[in-house]
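# Per-entry structural report
Given next are the chains, with one letter for each unit.
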Amino acid sequence: MTAVIEVHNLTKRYKDKNALDNVSLAIEGGAIYGLLGRNGAGKTTLMSILTAQNFESAGTVKVFGEHPYENSSVLNRICFVRESQKYPDDATPRHAFKAASLFFKNWDQELAEELIKDFQLPMKQTIKKLSRGQLSAVGVIIGLASRADITFFDEPYLGLDAVARQIFYDRLLDDYAEHPRTIILSSHLIDEVSNLIEHVIVIDNGQILMNEDTDAVRDRAVTVIGDSAKVDAWVAEREVLHRESLGRVASVTVLGTLSADERAEVTASGLDLAPVSLQQLIVRLTQKASAENSSENSSENQEVR
Amino acid sequence: MSRTLNVVRLQLINKQTFIWVPLIVLAGSVIVSVLIYAMIPVPGPKYGGGGQAPLWVFFGTGLTAMTLTFPFSQALSITRRDFFVGTLLAAALGSAFMAVIFIIGGGIELLTNGYGINGYVFHLPWMWETGPLGAFITFFTLALFFFVVGFTGATIYKSWGPVVLTIVSFVLVLALLGVIFVITRLELWNQFWTMFAELGAVGLSLWGLAVIAVLSGISFLAFRRATP
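Residues numbered from 1 in each chain as written. Chains lettered and ligands numbered in written order. Predicted model: local features only at pLDDT ≥ 70, side-chain atom pairs only at ≥ 80, totals over all residues.

### Brief notes about the overall build of chain A
- When helices and strands are tallied, chain A shows 11 helices and 13 strands.
- Dimensions of chain A along its principal axes, counting C-alpha atoms only, are 65 × 45 × 40 Å.
- Counting across all 305 residues of chain A, residues that qualify as buried make up 40%.
- For chain A, long-range pairs separated by at least 24 residues make up 68% of all intrachain contacts whose partners lie at least 6 apart in sequence. (Helix = DSSP H or I, 4+ residues; strand = E, 2+ residues; numbered from the N terminus. Buried ≥ 20, exposed ≤ 12 C-beta atoms within 10 Å, placed from the backbone. Contact = placed C-beta atoms within 7 Å.)

In structure tokens form, the structure reads like this:
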């Protein structure tokens, strides 16, 4: 299968920094992708350029094999509701959904109605008077009910309470199972979406740090817990991502995949193995990468932050 | 094409924007005008500029069409071209609607002898010189002009920032001053007013439509690179 999204050497320059720095990326499609990264890492910029809402400074962008700018045949198959999406003055959610139904050919009004009920969204208030969470719900409903071939969600959970967030995750999974498509979900609540996403794309400082299947990422590290002397002995030469200790018990996360034999060995020696949380792993890997980056560039490029 | 027409529908989904708000503003302005006319103890016909009130609504609508509806249209994956053409079409429809209201208002004023007090908001002699059609064209052009000015200003602001918008406004004011200076210097004011009178409301409106076309062209160039 060819990739639905292909990006080569994509750079987006703003006055004082590169929001995207020579990014190359291929997205196969037909899965739920997590676009993860810190605030200002470049997540929204990347999604904006992929949907022709913003423009690249350099590089090539292809969505369904073509550049999306002013290209209805591509744009027709995309939906991207921004995190701080604006709506027409005096529009109510009812107006917004009616408008969306005009433009998305797969629009499912029934699904929209169910979601409105689930999120308890007031339909007759103007959108500008809605709370932050309700505003997010409007975007989530448009994103889900549009059933576009590629749907982007830009931190869709902002302001949503825990119940509403769970509704979103559940509904997303249900609808995705029935209508498989490409979903790209930007988030910095990594643990919350870790059960949802099949593929992880980590972006930091305008660069792609990781683009892998979630399972592969999880296998990249392991946490060993037990008597600190024993743990240290076991860790020895391995690359430590993180270390915590409480009294004589230590918990150390190391990079690397363990074979079945190695696992057996660890348990036999009285140590416990624990899975690494995706969030932990990504945070550590991000920190490590940026530390390496800054030590590489430290002599030439002393950026003030 | 169907997507362009859908943009028209998108703009008109909320009837408040293009229809109810201008109507309410117009109704309010007519009531205030009539009350004022009633207080003037002069038997002759009284004319006022209350009819221009809804024009400012069109200016605001043009502005928010760019600053708010455009970003929304991007979430609906509408191309900029479709949005631009559809929005101008919607504005033309709204302007035509207001112009029809204007004609009806003028008819009512004629029939009621200026609300019984010889006061006129719609039936201004200069605009009606060539009959209802002329008045229609004049008011249609004015409404569309206000919309396009609002939209173009907002587009320039969004594409190039407040500094460029200020510079453009400044240059326009300077150009206007220049024209006034030249006319004064060459003592052409008499000729100017004669030309103005000869063109009449309809002639001026046709020039207005040409200005609208030019403004739309500039606006489209700026709009093509606008980001929500």
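### Some thoughts on the sheet that holds strand β11 (residues 240-246) of chain A
All names here are of chain A.
- The strand order β11-β12-β10-β13 describes an open sheet built from 4 strands, whose pairing is antiparallel. Edge positions in the sheet fall to β11 and β13 (272-274), since each of these pairs with one other strand and no more. Between one strand axis and the next, the sheet turns through 20° on average, direction left out of account.
- As judged from the 6 bridges shared by β11 and strand β12 (residues 249-255), these two strands associate in the antiparallel manner. Each residue of the ladder has a partner; that of His242, found in β12, is Thr253.
- Running over the sheet, helix α9 (residues 228-235) touches β10 (221-227), β11 and β12 and is turned about 145° from β10. (Pairing = 2+ DSSP bridges. Axes fitted to C-alpha atoms, helices over the stretch in contact; angles between N-to-C directions.)

### Points about the nonpolar core
- In terms of nonpolar packing, the biggest core is built from 132 residues, with A:Tyr33, A:Ala96, A:Ile141, A:Ile142, A:Leu185 and B:Ala143 touching the most fellow members.
- Of the residues that make up this core, three or more belong to each of domain 1 (5-212) and domain 2 (217-297) of chain A.
- Discounting chain neighbours no more than four positions away, the residues touching B:Ala143 are B:Leu55, B:Phe58, B:Ser95, B:Met98 and B:Ala99. (Core = buried A, V, L, I, M, F, W, Y, C linked by C-beta atoms within 7 Å. Domains from an automatic or database assignment.)

### So, the environment of B:Val25
- Looking at the element boundaries, B:Val25 is found in helix α2 (residues 15-39).
- When near neighbours in sequence (up to four residues on either side) are disregarded, B:Val25 contacts B:Ala53, B:Pro54 and B:Val57.

### What to know about helix α4 (residues 109-119) of chain A
All names here are of chain A.
- Within α4, the full set of buried residues consists of Ala112, Leu115 and Phe119. Axial view of α4: buried residues confined to an arc of 65°, hence all on one face. Opposite the packed face of α4, turned more than 90 degrees from it, sit the exposed residues Glu110 and Lys117.
- Among the structural elements, α3 (93-103), α5 (132-146) and α6 (162-178) are those in contact with the buried residues of α4.
- After α4 finishes, the residue Gln120 shows a positive phi value of roughly 50°. (Arc of directions from axis to C-beta.)

### As for the packing of helix α3 (residues 53-75) of chain B against helix α4 (residues 80-111) of chain B
Residue and element names in this part refer to chain B.
- Packing of α3 against α4 leaves a shortest axis separation of 11 Å and a crossing angle of 155°. When the axes of α3 and α4 are compared, the pair comes out roughly antiparallel. The way α3 lies across α4 gives a crossing that is right-handed. Residue-level inspection shows Pro54, Phe58, Gly62, Ala65, Phe70 and Ser73 of α3 in contact with α4, the latter providing Phe83, Thr87, Ala91, Ser95 and Met98.
- A class-by-class count of the residues in the contact of α3 with α4 yields 7 nonpolar, 4 polar and no charged. (Parallel < 35°, antiparallel > 145°, perpendicular 65-115°, else oblique. Left-handed = near helix turned anticlockwise from the far one by under 90°. Nonpolar A, V, L, I, M, F, W, Y, C, P; charged D, E, K, R; others polar.)

### Looking at the sheet that holds strand β1 (residues 5-13) of chain A
All names here are of chain A.
- A sheet is described by the order of its strands in space; here 3 strands give the open sequence β2-β1-β4, paired in antiparallel fashion. With partners counted over all chains shown, the strands left at the sheet margins are β2 (18-27) and β4 (58-63), one partner each. Averaged over all pairs of adjacent strands, the angle between their axes in this sheet comes to 20°, without regard to strand direction.
- Of the pairings in the sheet, the one linking β1 to β2 comprises 6 bridges and is antiparallel in character. Residue pairing for β2: Glu6 is matched across the bridge by Ala26.
- Its contacts with the sheet put helix α1 (residues 43-50) on β1, β2 and β4, and the angle it makes with β1 is roughly 120°.

### Some remarks on unusual backbone geometry
All names here are of chain B.
- In this structure, Tyr115 takes a positive phi of about 55° despite not being glycine.
- With respect to the element layout, Tyr115 can be found in helix α5 (residues 114-118).
- With 16 C-beta atoms packed within 10 Å, Tyr115 lands in the partly exposed category.
- You will see that Glu187, though not glycine, has its phi angle at about 55°, which is positive.
- Inspection of the secondary structure puts Glu187 in the loop between α7 (132-185) and α8 (189-223).
- Residue classification places Glu187 among the exposed positions, given that 8 C-beta atoms sit within 10 Å.

### Regarding α6(A)
All names here are of chain A.
- The end-to-end C-alpha distance of α6, which contains 17 residues, comes to 25 Å, matching closely the 24 Å that a straight helix rising 1.5 Å per residue would cover.
- Among all positions of α6, only Ala164, Arg165, Phe168 and Leu172 are buried. Considered in projection along α6, the buried side chains sweep an arc of 105° and stay on one side of the axis. Projecting away from the buried face of α6 at angles above 90 degrees are the exposed residues Ala162, Val163, Asp170, Asp174, Ala177 and Glu178.
- Check the buried side of α6 and you find it contacts α4, α5 and α7 (190-193). (Expected span 1.5 Å × (residues − 1).)

### Thoughts on the domain arrangement of chain A
Residues and elements named next belong to chain A.
- Its domain assignment divides chain A into domain 1 (5-212) and domain 2 (217-297).
- Each of domain 1 and domain 2 was reduced to a C-alpha centroid, and the two centroids are 34 Å apart.
- Opposite the 11 residues of domain 1 that make contact, domain 2 presents 9 residues.
- Per-class residue counts for the side of domain 1 that touches domain 2 are 6 nonpolar, 2 polar and 3 charged.

### So, the interface of chain B and chain A
- At the junction of the two partners, chain B supplies 24 residues and chain A supplies 26 residues.
- Listing elements by their share of the side of chain B that touches chain A, those giving two or more residues are α1 (2-13), α2, α3 and α4 of chain B.
- With 7 residues, the single largest contributor to the side of chain B that touches chain A is α3(B).
- Grouping the amino acids of the side of chain B that touches chain A by side-chain chemistry returns 9 nonpolar, 10 polar and 5 charged.

### Concerning the pairing of strand β7 (residues 182-187) of chain A
Residues and elements named next belong to chain A.
- Burial of β7 is extensive: 6 of the 6 residues sit out of reach of the surface.
- Because side chains alternate across β7, one face comprises the buried residues Thr182, Ile184 and Ser186, and the other comprises Ile183, Leu185 and Ser187, equally buried.
- Note: strand β3 (residues 32-36) against β7, 5 bridges, orientation parallel. Among the inter-strand pairings, Gly34 is bridged to a residue of β7, identified as Leu185.
- The β-α-β motif built from strand β6 (residues 150-154), the intervening α6 and the parallel element β7 has right-handed crossover chirality. (Right-handed = clockwise from strand over helix to strand, strands pointing away.)

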